[in-house]
Amino acid sequence: FTWRNYGGEILEYFGEVAGPAGSNARPSFWPTTHDILPPFLQHSGVAGFAIRAVLAATGSPTWGIYTGYELIENVPRPGVEEQIDNEKYEYKQRNWERAGDIGIALLLGKLNDIRKAHPALQQLRNLTIHTSENENVLAYSRRIRKEHLPLAIDNELGVSVPLDEDDVILTIVSLDPWGIQEATIHLDWGALGILPPEGVDSYAPFIDGEDLLTGQKVFWSAHPYVRLNPRFEVAHVMRLRKA
């Protein structure tokens, strides 16, 4: 994962580990480690760190963040793809008060909250890749059918009851940490389990969505247009359901 930076190779790798290779290569996605600082993160700033965090958190049921990621530690040891003066060589003291100003710590917390609340992101083999008209914007989803979801607590009755709808999470992420990227996404609504009503064209809105990162609500067709500005948001992590 750490060395996949472009759209095609990222999606190819996601598909590989979610397929037969997942039987013997259980993935754990880490944007950086104590001795890996990939070139993309050396030059892409806060937005680049946000992009790689979203990809790691939604691309694999297991992910990790190495100490200092919240502080955008991106200075490499000359000639080597690792952080300069890292914990292999010295004890590091960090000013964690800066993390709140940078914002990555807030994003990481939101991503973990979303993963905890949505079992679809806790599974490996439920990946569907959707067509994007822009190679710098990736779209992929994870779905668990309602009959396979954990039981929910009905507070009124005090008993456990099955959830009444599938858990469907769609991630749309820009790979460009510097500029605005736009795309039309063509959703595989059959894979999402959200079919247009009889007699309704797939270009008419029939999907309710909520961006779990921002709380924004949308009403989409199967061919939504998205615009991602890295100064404000690098991705949408959407909960989808039939309108």
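The following refers to the structure shown. (Residues numbered from 1 in each chain as written. Predicted model: local features only at pLDDT ≥ 70, side-chain atom pairs only at ≥ 80, totals over all residues. Heavy atoms only, no water.)

### Let's talk about the side chain of Ser 60
For the record, the criterion: Elements are defined by DSSP. Helices are runs of H or I of four residues or more, strands are runs of E of two residues or more, and each kind is numbered from the N terminus. When a residue's accessible area, from a 1.4 Å probe over protein chains only, is under 20% of the maximum for its type it is buried; when over 50% it is exposed; and in between it is partly exposed. What qualifies as a polar contact is a pair of N or O atoms within 3.5 Å, subject to a donor-acceptor requirement within protein and to the restriction that residues adjacent in sequence count only when both atoms come from side chains. Here, two residues are considered to be in contact whenever any of their heavy atoms come within 4.5 Å of each other.
Note that Ser 60 resides in the loop between α3 (45–59) and α4 (99–102). Its relative accessible area of 0% is what places Ser 60 among the buried residues. In this structure the side chain of Ser 60 is engaged in a polar contact, spanning 3.2 Å, whose partner is the backbone oxygen of Pro 27. Excluding anything up to four places from it in sequence, Ser 60 contacts Pro 27, Ser 28, Phe 29, Arg 115, Leu 121 and Arg 142.

### Side note on helix α1 (residues 7–18)
Along an α-helix, a turn takes 3.6 residues, which lines up residues three or four apart on a common side. Applied cut-off: Helices are assigned an expected span. That span is 1.5 Å times one less than the residue count.
Here α1 contains 12 residues, and its C-alpha end-to-end distance of 17 Å stays within 8% of the 16 Å for a straight helix at 1.5 Å per residue. Where α1 is buried, its residues contact α3, β1 (127–132) and β2 (137–144).

### Description of unusual backbone geometry
The phi dihedral of Ile 72 falls on the positive side, at around 55°, and the residue is not glycine. Looking at where Ile 72 falls in the secondary structure, it is placed in the loop between α3 and α4. Residue class for Ile 72 comes out buried when judged on its relative accessible area of 12%. Not every positive phi belongs to a glycine, and Asp 85 is a case in point at roughly 50°. Tracing the backbone through its elements, the reader meets Asp 85 in the loop between α3 and α4. On the accessibility criterion, Asp 85 (35% relative accessible area) is partly exposed.

### Comments concerning the nonpolar core
Spelled out, the test is: We call a set of buried Ala, Val, Leu, Ile, Met, Phe, Trp, Tyr and Cys residues a nonpolar core when their side-chain atoms join them within 4.5 Å.
With 42 residues, the main nonpolar core has Phe 14, Leu 55, Ile 104, Leu 107, Leu 111 and Val 173 as its most contacted residues. Those elements that place two or more of their residues in this core are α1, α2 (39–43), α3, α5 (104–117), β2, β5 (167–174) and β10 (235–242). The element best represented in this core is α3, accounting for 9 residues. The contact partners of Leu 55, leaving out residues within four places of it in the chain, are Phe 1, Ile 10, Phe 14, Phe 29, Leu 138, Tyr 140, Val 173 and Leu 175. By size, the runner-up hydrophobic cluster in this structure holds 19 residues, among which are Val 168, Ala 183, Ile 207 and Leu 228.

### Remarks on the packing of aromatic side chains
The cut-off we apply is this: Any pair of Phe, Tyr and Trp rings, taking the six-membered ring for Trp, is counted once the centres come within 6.5 Å. Such a pair is stacked with planes under 30 degrees apart, edge-to-face with planes over 60 apart, and tilted for the rest. For a Lys NZ or an Arg CZ to count as sitting over a ring, it must be within 6 Å of the ring centre and within 35 degrees of the ring normal.
Going through the model one piece at a time under the given rule, you end up with 5 aromatic pairs. With a centroid separation of 5.3 Å and an interplanar angle of 90°, the aromatic rings of Phe 14 and Tyr 140 are classed as edge-to-face. Here Phe 14 is found in helix α1, whereas its partner Tyr 140 is found in strand β2, with 126 residues between them in sequence. Exposure remark for Phe 14: the relative accessible area of 1% places this residue in the buried category. Taken together, Phe 1, Tyr 13, Phe 14, Phe 29 and Tyr 140 form an aromatic cluster joined through their ring pairs. Geometry around Tyr 13 places Arg 4 over its ring, the cationic atom sitting 4.0 Å from the centre. The ring of Tyr 89 is capped by Arg 77, whose NZ or CZ atom sits 4.3 Å from the centre of that ring.

### Here we look at the pairing of β1
Short version of the rule: Being paired, for any two strands, means DSSP has found at least two bridges between them.
Note that β1 and β2 share 4 bridges and pair antiparallel. Residue pairing across strands places Leu 127 opposite Arg 142, the latter belonging to β2. The loop that links β1 with its antiparallel partner β2 comprises 4 residues. Pairing of β1 with strand β6 (residues 181–186) involves 2 bridges; the strand directions are antiparallel. Bridging across to β6, Ser 132 finds its partner in Ile 185.

### Side note on the pairing of β6
Every second residue of β6 is oriented toward a common face, the buried set being Gln 181, Ala 183 and Ile 185 and the non-buried set Glu 182, Thr 184 and His 186. Pairing of β6 with strand β9 (residues 225–228) involves 4 bridges; the strand directions are antiparallel. Of the residues in β9, the one forming a bridge with Gln 181 is Leu 228.

### Concerning the packing of α3 against α5
Definition in use: To get an axis, fit a line to the C-alpha atoms, keeping to the stretch in contact for a helix; angles then go from 0 to 180 degrees between the N-to-C directions. Convention used here: angles under 35 degrees read as roughly parallel, angles over 145 as roughly antiparallel, angles from 65 to 115 as roughly perpendicular, and any remaining angle as oblique. Crossing chirality is assigned from the near helix's rotation relative to the far helix, an anticlockwise turn below a right angle marking it left-handed and a clockwise turn marking it right-handed. Note that Gly is not counted as nonpolar here; it falls among the polar residues with everything else outside the nonpolar set of Ala, Val, Leu, Ile, Met, Phe, Trp, Tyr, Cys and Pro and the charged set of Asp, Glu, Lys and Arg.
Here α3 crosses α5 at 15°, and the two axes come no closer than 10 Å. The orientation of α3 relative to α5 falls into the category roughly parallel. Here the hand of the crossing between α3 and α5 comes out right-handed. Here α3 contributes Val 46, Phe 49, Ala 50, Ala 53, Val 54 and Ala 57 to the contact with α5, which in turn contributes Ile 104, Leu 107, Leu 108, Leu 111 and Arg 115. Along the lines of polarity and charge, the residues of the contact of α3 with α5 split into 10 nonpolar, no polar and 1 charged.

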